[in-house]
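The lines below spell out each chain.
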Amino acid sequence: MTPARGDHEARRSEVSEGVWRVLSTRGFEGLTLRAVAAELGASTGLLTHYFPNKRALLSHALEELDRRSAARPRRLAPADGSPPPPAGLARLRAALLDVLPLDEASESGNRIWVGSWDVALADSELAAAHAGRYARSRVALTGHVADAQRLGQLPAGADPAGLAAGAQAFVLGLVVQSLFAPAEFPPGRQVDLLDAYLAGLAGSAVPAGSADPAV
């Protein structure tokens, strides 16, 4: 590892990069203190300064995955400076598309996320952290649903939180199917299935627009 020169944050950043590289190549099953130390060319003893045990390492790995997922370019905030989609159904669609494995980067991230479920389910604290992440996502989706209802794009009488929970469950299920059967669920079909789902919510055809270049 590069000498830290007393900079704890710089060293921690190096460690995070090592954790990410192990996750990307071996998944959560292969994430161990020894594997990360080998990736960094460091001793296991040095690594325990940051992670006293594997559980601390796993917790950090989930935080790092969350951070990188949040930093990924989003359709709601285009990196090229173009305007975000209009409020309502278009923003709901964009947020749901961002969950799906439609390109190499999002497929890799989703593989790691799905791999983390088994780890989190075996630990109540990690499970609670995961539940919190999904709950925050539902809150954001609920806001888009409520806007769509206000604009007359979705039925006004339906519970927005319930619609958001259903939409989240739909895309997470689609993520799993596409990872296990990519030939059956290529990006284009994922988008078509999502648009059909949203059209069903609206009770009429939802204009899908042209497909995203990345799709």
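> Teacher, can you tell me more about the side chain of Q168 here?
Its place among the elements puts Q168 in helix α8 (residues 160-180). For Q168, a relative accessible area of 8% puts it in the buried group. Only 3.0 Å separates the side chain of Q168 from the backbone oxygen of Y134, close enough to count as a polar contact. Polar side-chain contacts of Q168 include one of 3.1 Å to the side chain of R138. Residue contacts for Q168: discarding those within four places in its chain leaves Y134, S137, R138 and L141.

> It is not clear to me how the pattern of salt bridges should be interpreted in this structure. Could you clarify?
Taken as a whole and assessed by the stated rule, the structure comprises six salt bridges. Ionic pairing is found between R21 and E39, a salt bridge with its closest N-O pair at 2.8 Å. Of this pair, R21 sits in helix α1 (residues 8-26) while E39 is found in helix α2 (residues 33-40), placing the two residues 18 residues apart along the sequence. Taking relative accessible area as the criterion, E39 reaches 32% and is therefore assigned partly exposed. One salt bridge in this structure joins E107 and R111, with 3.4 Å as the shortest N-O distance. Placement of the pair is E107 and R111 together in helix α6 (residues 104-121), with a separation of four residues, close to one helical turn. E107 sits in the partly exposed class, given a relative accessible area of 30%.

> It is not clear to me how the environment of T48 should be interpreted in this structure. Could you clarify?
Here T48 lies in the loop between α3 (44-47) and α4 (54-71). As a C-alpha pair, T48 and L33 span 15 residues in sequence and 7.8 Å in three-dimensional space. One polar contact links the side chain of T48 to the main-chain carbonyl oxygen of G45, over a distance of 2.6 Å.

> Would you take a moment to explain the side chain of S16 for this structure?
Its location among the elements puts S16 in helix α1. Overall, S16 belongs to the buried group, its relative accessible area being 7%. Here H60 takes part through its side chain, which lies 2.8 Å from a polar atom of the side chain of S16. Apart from residues lying up to four places away in sequence, S16 is in contact with H60, E64 and R68.

> What exactly am I supposed to notice about the environment of I112 here?
By the secondary structure assignment, I112 is in helix α6. Each C-alpha atom of the pair I112 and L23 lies 6.9 Å from the other, and the pair is 89 residues apart in sequence. For I112, the residues in contact, after removing those within four places along its chain, are W20, L23, S24, F28 and L65.

> Is there a simple way to think about the packing of aromatic side chains in this case?
Geometrically, a pair of aromatic rings is defined through the distance of the ring centres and the angle of the planes. Tallied over the entire structure, the rule returns one aromatic pair. For the ring pair F170 and Y197, a centre distance of 4.3 Å and an interplane angle of 15° mean the geometry is stacked. Linking F170 in helix α8 with Y197 in helix α9 (residues 187-202), this pair joins segments that are 27 residues apart in sequence. For F170, a relative accessible area of 26% corresponds to the partly exposed category.

> When you look at the packing of helix α5 (residues 89-97) against helix α7 (residues 124-150) in this model, what are you seeing that I'm missing?
The description of two packed helices rests on the angle between their axes and on the distance between the axes. The N-to-C vectors of α5 and α7 enclose an angle of 155°; their axes lie 7 Å apart at closest approach. Taken together, the axes of α5 and α7 are roughly antiparallel relative to one another. The chirality of how α5 crosses α7 is left-handed. Between α5 and α7, the contacting residues are L89, R91, L92, A95 and L96 on the first element and L141, H144, V145 and A148 on the second.

> Just checking my understanding: could you explain the nonpolar core for this structure?
A general feature of soluble globular proteins is that nonpolar side chains tend to end up buried together. Formed by 25 residues in total, the largest nonpolar core has its most connected members in V19, L23, F28, L31, V36 and L47. When residues of this core are traced back to their parent elements, those giving at least two are α1, α2, α4 and α6. Once you skip the residues sitting within four places of it in the chain, L23 turns out to touch F28, L31, A61 and I112. Counting 24 residues, the second-largest nonpolar core is a separate cluster that includes L89, A167, F185 and L198.

Reading guide: rules and limits
Throughout this document, residue positions are counted from 1 along each chain, in the order its sequence is written. Reporting in this predicted model follows two pLDDT cut-offs: at least 70 for local features of residues, and 80 or more for side-chain atom pairs to be given and counted; totals over whole chains, interfaces and linings ignore these cut-offs and use all residues. Only hydrogens and water are set aside when side-chain values are computed; all heavy atoms of the structure are taken into account. Note on conventions: DSSP H or I runs of at least 4 residues are helices, E runs of at least 2 residues are strands, and numbering of each starts at the N terminus. Only protein chains enter the accessibility calculation, which uses a 1.4 Å probe; a residue whose area is less than 20% of its type maximum is buried, one above 50% is exposed, and one in between is partly exposed. We call two N or O atoms a polar contact when they sit within 3.5 Å, provided that within protein one can donate a hydrogen and the other can accept it, with sequence-adjacent residues counted only if both atoms are side-chain atoms. Working rule for contacts: check all heavy atoms of both residues, and any pair within 4.5 Å makes them a contact. Here a salt bridge means any side-chain nitrogen of Lys or Arg lying within 4 Å of a carboxyl oxygen belonging to Asp or Glu. Geometry of aromatic contacts follows a simple scheme: Phe, Tyr and Trp rings, the Trp one being its six-membered ring, pair when their centres are within 6.5 Å, and the pair is stacked under 30 degrees between planes, edge-to-face over 60, tilted otherwise. All axes here are fitted lines through C-alpha atoms, helices being fitted over the stretch that makes contact, and every angle between N-to-C directions spans 0 to 180 degrees. To sort the angles, those under 35 degrees are grouped as roughly parallel, those over 145 as roughly antiparallel, those from 65 to 115 as roughly perpendicular, and the leftovers as oblique. Crossing handedness follows the turn of the near helix against the far one: under a right angle anticlockwise gives a left-handed crossing, and clockwise gives a right-handed one. Definition of nonpolar core: a set of buried residues of the types Ala, Val, Leu, Ile, Met, Phe, Trp, Tyr and Cys, connected through side-chain atoms within 4.5 Å.

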